[in-house]
Structure formats: structure tokens, C-alpha cells
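Report on the structure
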Amino acid sequence: IWAFAYTSWSMMGRFGLVSLGHGGFMGVGAYVTALLWNHLGVSPWIGIPLAMLAAGVLALIVAYPCFRFRITGHYFALVTLALSGIVLQVITATRDHTGGSLGYTPERTKGNPLVAMQFDDKVTWYLIALGVWALGLAIWYWVDRSMMRYALEAISEDEDAAAAAGINVTAEKLRITVISAMMTALAGSLYCQYQLFISPDTVSGISVSLQMVFAVVVGGLYVAHGPTVGAIITIMLAEGLRIGFGTKAVGWDNLVYGVLLVVFIIFLPKGILGSLLELRRKRAASVAS
């Protein structure tokens, strides 16, 4: 699930659209699904598409003014950072409905677990997560082989030149942003259904957004399987600290993420997988020559 979430972030990040607000989209996906189930009895099979739609609308509301008035680079990252913080504060402030900082639990079904998407068998969840992860890679390759990729690469290089060539800059950036936001919301919804417990700190907020950035940069931003490698590393790091140090290591993973993020940006900007693939290409080229 986390590998899919990181892949969702990289859909934007690899085209220079650095978002620090994807924790907000993930939180929307998780909480909208759970709230619809608990308060209205809406099955997650319906709630998840509605949560994805809500995240897409939120992405449009935030991104359209940014792209329309050419708020890019660091300023766009700051706007999305504010979005992540706002979603976290809204979840915390509406504690009567969301449980606030204490967390929120989708009610256990008394009927068909299939309708409620509540499976006790972890093999079932493994297969669901595996299918969604494969869906994320399929979307990546679909974008990679479409004209959208060339348009976005041109935009990331020079927006004025891209516009002069006939590319609708605002529309293309909005399209990839909405796709990325909806994918992230799907990850949040599935995480909620799997854990049957969510809290603002685990599915929303700035820390989740930074975790996504770190994982993708470490794994490889421009490689399809880079976010998956990043997910393996981040989860192993977090679990290793938890097992080794227990409650003494609370928050350490974010500190380590920050330090390693700086190190990788400076010394290994293409990430682990991207650097390995580049090294293999160079060796193949030298052998061929």
C-alpha cells in the first residue's frame, strides 16, 4: 500500500511538481471512507470512489490558482505544505466526528465482510495490495508512453516555450495533479480498511508528506520501481527503530528521513535504483565500445 502511495507522489514529482501536501490527500481518502461507513452506512466499495473524487476536487481547488497564476517551484511546495497542515488541523479540530488526535475506528460489520471490505485473512489483503501496486505501475507506464509525458517534460524545462509550442500548460499540470491526488486517496482508503484504525499522524499531515518525498528520492524518482524500493527502505527503517528502541525512538524515523534526504539529494540525486540502472547502462556502453 505504501509503495502505491509513493508511486502516486512520484507521478507529479518526476515532472518537477514537488508537492508536500500528499499527506492531506491520503488523509482525505482514509477519513472520508471511514466517515461515510460509520455515519451513513455507505459501503467502502462506494465510499472509496467518493473519497477519491473528494481528493480530486480538493486538488483542483488548490492547484488551479497555483498553475493559473504560475506559482511554481518552492512557492508551490509551500502552498501544498499548507494544504497538508490544514487537512491535519481540520481532522483534529472536528474531534466529535473524527476522533481528533485519539484516532478513528471504522465500525466492525455485523453482516457480510465483503460488503464492508473487512477481511480478517491477511492473504486477501496482500493480494488486494499487490493488485493496487500493479495498478500504480500500470498508470506510471501509461503516462510514460503517452503524449502527456512529453508535454509535462517540456513544461518542466520551460513553461513559456511549452506554451508557445501549443501545450496547454495549466490543463496538463492539473491533469497529472488530479491523477496523483486520487491515487494517493485510494492508498489512504485501503490503509484505513486494512488497519481498521486511523489517526491524523499516520495517514495525514506534514510527516506523511515528507515520508513520501524521502522514500521516492531514496528509491529513485525517475524509475518506475524506485518508489517501491523506497517503501522497502522506509518501512524497514521505521520498524527497525521501533523494534530496537521501542518508545524511546518515537519520531526518530522522521529525523533520519530528513538527514538522509539531504544526503541523497546532494550525493545520489537519482536514488538507489536510478543510480544502479545508470551504472549498468554505462558498463554496457563501455563493453559495447
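Conventions and cut-offs
- Counting starts from 1 at the beginning of each chain's written sequence and moves along it residue by residue.
- Predicted model: local features are reported for residues with pLDDT of at least 70 only, side-chain atom pairs are reported and counted for 80 or more only, and whole-chain, interface and lining totals are derived from all residues.
- Side-chain calculation: all heavy atoms of the structure are included, whereas hydrogens and water are not.
- Runs of H or I in DSSP of at least four residues are treated as helices and runs of E of at least two as strands, each being numbered from the N terminus.
- The reference for a compact globule is 2.2 Å times residues^0.38; the radius of gyration itself is calculated from the C-alpha atoms.
- Each residue is assigned to one of three classes by its accessible area relative to the maximum for its type, calculated with a 1.4 Å probe on protein chains only: buried under 20%, partly exposed between the two thresholds, exposed over 50%.
- Between two residues, a contact is recorded if the distance between any of their heavy atoms is within 4.5 Å.
- Here the accessible surface of atoms and residues is derived via Shrake-Rupley with a 1.4 Å probe, and residues count as covered only by protein chains that are part of the display.
- Neither His nor the chain termini are counted; the positive set is Lys and Arg, and the negative set is Asp and Glu.
- To locate a charge, take NZ of a lysine, CZ of an arginine, CG of an aspartate or CD of a glutamate.
- In the sections that follow, a salt bridge refers to a side-chain nitrogen of Lys or Arg positioned within 4 Å of a carboxyl oxygen of Asp or Glu.
- A residue counts toward a patch only above 30% relative accessible area and without a salt bridge, and it is joined to like-charged neighbours within 9 Å or, for Val, Leu, Ile, Met, Phe, Trp and Tyr, to nonpolar neighbours within 5 Å.
- Expected span of a helix, by definition, is 1.5 Å for each gap between consecutive residues, and there is one gap fewer than residues.
- For this analysis, a nonpolar core means a set of buried residues of the types Ala, Val, Leu, Ile, Met, Phe, Trp, Tyr and Cys, connected via side-chain atoms within 4.5 Å.
- Only protein atoms enter the calculation, which uses a 1 Å grid: trapped sets of points that fit a 1.4 Å probe without letting it out are cavities, open sets showing protein on both sides within 12 Å along at least five of seven lines are pockets, and any residue with an atom within 4 Å of a point is a lining residue.
- Grid points are joined across faces, edges and corners, and a volume is the space filled by probe spheres set on the points.
- By the convention adopted, Pro, Cys, Tyr, Trp, Phe, Met, Ile, Leu, Val and Ala count as nonpolar, Lys, Arg, Asp and Glu as charged, and the other residues, Gly among them, as polar.

All right, on to the overall build of the chain then. Along the backbone of the chain there are 15 helices and zero strands. Taken over the C-alpha trace, the chain has a radius of gyration of 19 Å; the compact-globule value for 289 residues is 19 Å, and the two agree within 12%. Considering the chain as a whole, with its 289 residues, one finds that 48% of them fall into the buried category. Taking the contacts inside the chain whose residues are at least 6 apart along the sequence as the reference set, 77% of them involve residues at least 24 apart. Accessible surface, the chain: about 14500 Å² in total, of which carbon and sulfur atoms supply 68%. In the chain, which carries 18 positive and 15 negative side-chain charges, the distance between the mean positions of the two groups comes to 5 Å.

Let's shift gears to the pattern of salt bridges. Enumeration over the complete set of coordinates arrives at nine salt bridges. Put simply, Asp120 and Arg108 hold a salt bridge, and the shortest N to O gap is 3.2 Å. With a gap of twelve residues between them, Asp120 in the loop between helix H6 (113–116) and helix H7 (122–144) and Arg108 in the loop between helix H5 (95–98) and H6 connect regions that are remote in the sequence. Of the two residues, Asp120 and Arg108, both sit in the exposed class. The closest approach of N and O atoms between Arg149 and Asp144, which form a salt bridge, is 3.7 Å. The class of Arg149 is partly exposed, set by a relative accessible area of 22%. A single network of salt bridges, built from pairs that share partners, joins Arg14, Asp144, Arg149 and Glu153.

We now examine a nonpolar patch on the surface. Among the surface-exposed residues, Leu255, Val259, Val262, Val263, Ile265, Ile266, Phe267 and Leu268 lie close enough to one another that they form a single nonpolar patch of about 770 Å² accessible area. Mapped onto the fold, Phe267 is located in helix H14 (residues 252–267).

Counted at 1.5 Å a residue, the expected span for helix H1 (residues 2–13) with its twelve residues is 16 Å, and the 16 Å between its end C-alpha atoms agrees. Within H1, twelve of the twelve residues are buried, which leaves it mostly tucked inside the rest of the structure. Burial in H1 covers these residues: Trp2, Ala3, Phe4, Ala5, Tyr6, Thr7, Ser8, Trp9, Ser10, Met11, Met12 and Gly13.

What follows deals with the nonpolar core. In this structure, Met11, Ile176 and Ile198 are the most contacted members of the largest nonpolar core, which totals 70 residues. With twelve residues, the single largest contributor to this core is helix H10 (residues 169–195). Sequence-distant contacts of Ile176, that is, excluding residues within four places in its chain, are made with Met11, Met12, Phe15, Leu17, Val143, Met148 and Leu152.

Let's shift gears to empty space enclosed by the protein. Going through the model one piece at a time under the given rule, you end up with one cavity of 30 Å³ or more. Volume-wise, the largest cavity comes out at about 60 Å³. Around the largest cavity, the lining residues are Met12, Ser19, Phe25, Ala59, Val62, Ala63, Phe76, Thr80, Leu83 and Thr177. Among the secondary structure elements, those contributing two or more residues to the lining of the largest cavity are helix H3 (44–68) and helix H4 (73–93). Per-class residue counts for the lining of the largest cavity are seven nonpolar, three polar and no charged.

Here Leu221 lies in the loop between helix H12 (206–219) and helix H13 (226–245). Each C-alpha atom of the pair Leu221 and Glu107 lies 38 Å from the other, and the pair is 114 residues apart in sequence. Leu221 has contacts with Trp9, Ser10, Gly13, Arg14, Trp140, Val216 and Lys270, leaving out every residue within four places of it along the chain.

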